Protein chains: 2
Amino acid sequence: MNELTHLKSAGLKSTLPRLKVLSLFESGSERHLSAEDVYKKLLASGDDVGLATVYRVLNQFEQAGLLVKHHFEGDKSVFELNQGDHHDHIVCLQCGRVEEFYDATIEQRQKKAAAERGFELHDHSLYIYANCVKPKCQFRN
Amino acid sequence: MNELTHLKSAGLKSTLPRLKVLSLFESGSERHLSAEDVYKKLLASGDDVGLATVYRVLNQFEQAGLLVKHHFEGDKSVFELNQGDHHDHIVCLQCGRVEEFYDATIEQRQKKAAAERGFELHDHSLYIYANCVKPKCQFRN
DNA sequence: TATGCTAATGCTAATCATTCTCATTTGTAA
DNA sequence: TTACAAATGAGAATGATTAGCATTAGCATA
Ligand SMILES: [Mn+2]
Ligand SMILES: [Mn+2]
Ligand SMILES: [Zn+2]
Ligand SMILES: [Zn+2]
């Protein structure tokens, strides 16, 4: 299933900005990108897309289920390709590196915590903030 | 240990705005308050404190360890009294009601997840978004 | 392929929460 | 009291995100 198909099945017409944004995520150089990251990367590659359009497209993709949005510590939110697999994140407070993880026990206990208190769980956000160790950590890229 | 002592031991001089903000949290009517919540409550009770001061004081209290800051879904952040006990939150997407919980297993598995990947855990944020059931849930207070 | 309509785009201006500036006021310790 | 640094308040500034609107571009049709 290619980009074009993705867009169509999401009821979005296939436009240049949308294709560019989508392929940026599918190229896979970096998984977690903010609106501005996307905007700058497009500019850098000679593709002119307005910042407002980037924001719009990212949100449409999220609604359509193509992307997932996260709010790491700090102000700006980041998006990543939705590949069906839910996972949570560990974020390095020094260099910003993000590592993904999934823990079935944690997931299950969250369901339980909600159920026990009479809540119908909708979703959750779990971010672990930490420092990665010397070799991998490049303080402030 | 009273408010005044709290402030002093935090190296903050005892000013009217600080005492008012602190006692608001200690009065305990509502645990989780945004800067604007605090601002409005003070106005309502006839205490004039500038919004900028509210923001400053809240942040100072957080630095001092008197308050803890959270970022529930949405834009504005909320504060609550730091009573030493760490806990996570379930937030109702309909009415905004917040319930607190602590799950030792979740805490432990987070430590493990970080350690296994070579991170020194600093802290974490876990929010469960859900809908509370009929009796308790008052859609949009 | 040309035409037309609607959705999409790209500016710019507007929001909104939060922070900053700076003149004025307060807490405090001598 | 006085003196002075620290704190406050009002409003401007910021930064991310969204809204408004005139212009353009998909795409279906003739
Ligand atoms: Mn991820
Ligand atoms: Mn709480
Ligand atoms: Zn790092
Ligand atoms: Zn509710």
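Residues numbered from 1 in each chain as written. Chains lettered and ligands numbered in written order. Predicted model: local features only at pLDDT ≥ 70, side-chain atom pairs only at ≥ 80, totals over all residues. Heavy atoms only, no water.

Participant: Explain the overall build of chain A here, please?
Facilitator: A tally of regular secondary structure across chain A gives five helices and six strands. Shown N-terminal to C-terminal, the secondary structure of chain A runs as helices and strands in the order α-α-β-α-α-β-β-β-β-α-β. When each of the 141 residues of chain A is scored for burial, the buried share is 38%. Counting only contacts in chain A whose residues sit at least 6 apart along the sequence, the fraction spanning at least 24 positions is 48%. In the form shown here, chain A has an accessible surface area of approximately 7800 Å², with 50% of it arising from carbon and sulfur atoms. Each charge class in chain A was averaged separately, 18 positive and 20 negative side chains, and the resulting centres sit 2 Å apart. (Helix = DSSP H or I, 4+ residues; strand = E, 2+ residues; numbered from the N terminus. Buried < 20%, exposed > 50% of the residue type's maximum accessible area, 1.4 Å probe, protein only. Contact = heavy atoms within 4.5 Å. Areas by Shrake-Rupley, 256 points an atom, 1.4 Å probe, with all protein chains shown as cover. Lys, Arg positive; Asp, Glu negative; His and termini not counted. Charge placed at Lys NZ, Arg CZ, Asp CG, Glu CD.)

Participant: Can you walk me through the coordination of the manganese ion (ligand 2) in this structure?
Facilitator: Geometrically, a metal with four donors at the corners of a regular tetrahedron has ideal angles of 109.5 degrees, and one with six donors at the corners of a regular octahedron has ideal angles of 90 or 180 degrees. Residues and elements named next belong to chain B. Distances from the manganese ion (ligand 2) to its protein donors, namely His32 (NE2), Glu80 (OE), Glu80 (OE), His87 (NE2), His89 (NE2) and Glu100 (OE), fall within the range 2.1 to 2.3 Å. Bound by six donor atoms, the manganese ion (ligand 2) shows angles of 55 to 166° at the metal and therefore irregular coordination geometry. Positions of the donor residues of the manganese ion (ligand 2), expressed as sequence spacing, correspond to H-x47-E-x6-H-x1-H-x10-E. With histidine 32 in the loop between helix H2 (16-27) and strand E1 (33-34) and glutamate 80 in strand E3 (residues 78-81), this pair connects stretches of sequence that are 48 residues apart. We classify histidine 32 as buried; its relative accessible area is 15%. (Donors = N, O, S within 2.8 Å, 3.2 Å for Na, K, Ca; no water. Tetrahedral: all angles 85-135°; square planar, octahedral: opposite > 155°, others 65-115°.)

Participant: Explain the protein's contact with DNA strand C here, please?
Facilitator: Neighbouring residues of DNA strand C: 18 residues in total, closest Thr15, Arg18, Thr53 and Arg56 of chain A together with Tyr55 of chain B. Sugar plus phosphate, as a fraction of atoms of DNA strand C within 4 Å of the protein: 73%. With respect to DNA strand C, the backbone of glycine 50 of chain A contributes an N or O atom lying 3.1 Å from a phosphate oxygen. Serine 77 of chain B places a polar side-chain atom, nitrogen or oxygen, 3.0 Å from a phosphate oxygen of DNA strand C. Within the residue set of the surface near DNA strand C, elements represented by two or more residues are helix H2 (16-27) and helix H4 (51-63) of chain A together with helix H4 (51-64) of chain B. Ranked by residues supplied to the surface near DNA strand C, first place goes to H4 of chain B with four residues. Looking at side-chain class alone, the surface near DNA strand C contains five nonpolar, six polar and seven charged residues. (Near = heavy atom within 4 Å. Polar contact = N/O pair within 3.5 Å; in protein donor to acceptor, adjacent residues only side chain to side chain. Nonpolar A, V, L, I, M, F, W, Y, C, P; charged D, E, K, R; others polar.)

Participant: Got a minute to help me understand the domain arrangement of chain A in this structure?
Facilitator: It is common to give the size of an interface as the accessible area lost on bringing the parts into contact. Residues and elements named next belong to chain A. Segmenting chain A into domains produces domain 1 (3-81) and domain 2 (88-130). Inter-centroid distance (C-alpha atoms) of domain 1 to domain 2 is 24 Å. If you look at the interface, domain 1 gives seven residues, while domain 2 gives seven residues. Here domain 1 and domain 2 share an interface that buries about 600 Å² over both sides, 58% of which is from carbon and sulfur atoms. When residues of domain 1 are sorted by the area they lose upon contact with domain 2, His32, Phe72 and Glu73 head the list and together hold 68% of the total. For the pair domain 1 and domain 2, the interface holds one salt bridge. Between glutamate 100 and arginine 31 there is a salt bridge, with its nearest N and O atoms 2.8 Å apart. In this assembly, domain 1 and domain 2 are joined by six residue pairs in polar contact (both at pLDDT 80 or more). Considered class by class, the residues forming the side of domain 1 that touches domain 2 number one nonpolar, three polar and three charged. (Domains from an automatic or database assignment. Buried area = accessible area lost by both parts, 1.4 Å probe. Salt bridge = Lys/Arg side-chain N within 4 Å of Asp/Glu carboxyl O.)

Participant: So what exactly am I meant to see when it comes to the protein's contact with DNA strand D here?
Facilitator: Around DNA strand D sit 18 residues in total, of which Tyr55 of chain A together with Thr15, Arg18, Thr53 and Arg56 of chain B are the nearest. A breakdown of the atoms of DNA strand D within 4 Å of the protein gives sugar and phosphate a share of 69%. Taking tyrosine 55 of chain A, its side chain carries an N or O atom lying 2.5 Å from a phosphate oxygen of DNA strand D. A distance of 3.1 Å separates a phosphate oxygen of DNA strand D from a polar side-chain atom of asparagine 59 of chain A.

Participant: Is there a simple way to explain the coordination of the zinc ion (ligand 4) in this structure?
Facilitator: All names here are of chain B. Taken together, the protein ligands of the zinc ion (ligand 4) are Cys92 (SG), Cys95 (SG), Cys132 (SG) and Cys137 (SG), with distances of 2.2 Å. In this structure, the zinc ion (ligand 4) is coordinated by four donor atoms arranged in tetrahedral fashion, with angles at the metal of 104 to 112°. Sequence positions of the residues that donate to the zinc ion (ligand 4) give the spacing C-x2-C-x36-C-x4-C. Residue class for cysteine 92 comes out buried when judged on its relative accessible area of 2%.

Participant: In this structure, what is going on with helix H5 (residues 104-116) of chain B? I would like to understand it.
Facilitator: Residue and element names in this part refer to chain B. In this model, H5 (13 residues) spans 18 Å end to end at C-alpha, consistent with the 18 Å of a helix rising 1.5 Å per residue. Near the N-terminus of H5, the side chain that reaches the backbone nitrogen of threonine 105, with its oxygen 2.8 Å away, is that of aspartate 103. One or two positions beyond H5, positive phi appears at glycine 118, with a value near 75°. (Expected span 1.5 Å × (residues − 1).)

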